[in-house]
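For reference, the chains in residue letters:
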Amino acid sequence: MNILEIKNLTVEIDKILILKDINLEVKKGEIIAIVGPNGGGKTTLVKTILGFINPVSGKVKILGTDPKKAVKTGKIGYLPQKSSVPKDFPFSVLDVVLLGLINKKLPRDKKIEKAKKYLKYVGMDRFENKPYSGLSGGEQQRVSIARVLVSDPEIIFLDEPSTGIDVVAQESFYDFLQRLKKEKNMTIVMVSHDIGVVGRFVDKVAGLNRFLHFYGHPKEFFQKETLESIYGSEVELIIHSPECVACEHFHIDLDFK
Ligand SMILES: Nc1ncnc2c1ncn2[C@@H]1O[C@H](COP(=O)(O)OP(=O)(O)OP(=O)(O)O)[C@@H](O)[C@H]1O
Ligand SMILES: [Mg+2]
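Here we summarise the structure given alongside this text.

## Some words on the coordination of the magnesium ion (ligand 2)
Then, number 1: Protein ligation of the magnesium ion (ligand 2) involves Thr43 (OG1) and Gln81 (OE1), the donor distances falling in the range 2.0 to 2.2 Å. Of the two residues, Thr43 sits in helix H1 (residues 42-49) while Gln81 sits in the loop between strand S5 (76-79) and helix H3 (93-98), which places them 38 residues apart along the sequence.
Then, number 2: With relative accessibility at 39%, the residue Gln81 sits in the partly exposed group.

Shown next, in the form of structure tokens:
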């Protein structure tokens, strides 16, 4: 079942073409990585899917309806690239997670129960009464993920969620996303620059630079022509894979699932 369908989507901002003729389908329970250079339109695509930006042409169908209606159901989670919670937010970790339930009609004790459950899920329960501002960047990110999950979304959009997280924490973060997929059949659309790492964790990669140059299995993504069409011929990546035809030109650690 397609949880997200994008057909012939074209987006302009201030009359400048940002996205052209994008077609993409996401099935329930898939993990998708949107990758591409800075300014390639990744955040714009996510914002258009969520109905924050109106396309000049084309159509987005999410959860079987149009973006604005779908967002109102509360079944879509969104972690923006620029955090909507200021880093020096003067409240506790639990309060930050409770923000994710602000539009839900639930008694306060039920909200607290849920918030605690998700703090545990992201491994941050022992910090619940600590000030959010005192956490490290990676810890704040985990709490933000709990805030996104607490409303029990069916699909989540994470715009560069691993920014500022160290390599070890990144690995466990991607394991965590796998767990979400496995245990909750969560659909995850994630914007990322860590193309070597996401290749091992995702079902499909969307290579975006104004056009959707590639949409498919990560293994096919790491081909010289594909990478060049997205990043330009100047791209210098590190590949150590006998399977990859681009290994003479690019060097990326590949270890596909
Ligand atoms: N509100 C806006 N006003 C003007 N231009 C915008 C606006 N939002 C996005 N753009 C432009 O649209 C293009 C795509 O931006 P977008 O933020 O979608 O890129 P991105 O792929 O997410 O980049 P990054 O990897 O740096 O986050 C950029 O050239 C950007 O300057
Ligand atoms: Mg962006």
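## Points about the packing of aromatic side chains
Then, number 1: Considering all chains together, one arrives at seven aromatic pairs under this definition.
Then, number 2: Ring centres 5.5 Å apart and planes at 55° place the aromatic pair Phe214 and Phe221 in the tilted group. Each member of the pair, Phe214 as well as Phe221, carries the same accessibility label: buried.
Then, number 3: Pairwise contacts between aromatic rings join Tyr118, Tyr121 and Phe176 into one cluster.
Then, number 4: Note that Arg179 overlies the ring of Tyr121, its terminal NZ or CZ placed 4.3 Å from the centroid.
Then, number 5: Directly above the ring of Tyr121 sits Lys184, whose terminal nitrogen or CZ lies 5.0 Å from the centroid.

## Things to note about the pattern of salt bridges
Then, number 1: The full count for this structure, using the stated rule, is seven salt bridges.
Then, number 2: The salt bridge involving Lys114 is made with Asp152; its shortest N-O contact spans 2.4 Å. Of this pair, Lys114 sits in helix H4 (residues 108-121) while Asp152 sits in the loop between helix H5 (137-149) and strand S6 (155-159), and the two are 38 residues apart along the sequence.

Definitions and limits used
- Residues numbered from 1 in each chain as written.
- Chains lettered and ligands numbered in written order.
- Predicted model: local features only at pLDDT ≥ 70, side-chain atom pairs only at ≥ 80, totals over all residues.
- Heavy atoms only, no water.
- Donors = N, O, S within 2.8 Å, 3.2 Å for Na, K, Ca; no water.
- Helix = DSSP H or I, 4+ residues; strand = E, 2+ residues; numbered from the N terminus.
- Buried < 20%, exposed > 50% of the residue type's maximum accessible area, 1.4 Å probe, protein only.
- Phe/Tyr/Trp six-rings, centres within 6.5 Å; stacked < 30°, edge-to-face > 60°.
- Lys NZ or Arg CZ within 6 Å of the ring centre and 35° of its normal.
- Salt bridge = Lys/Arg side-chain N within 4 Å of Asp/Glu carboxyl O.

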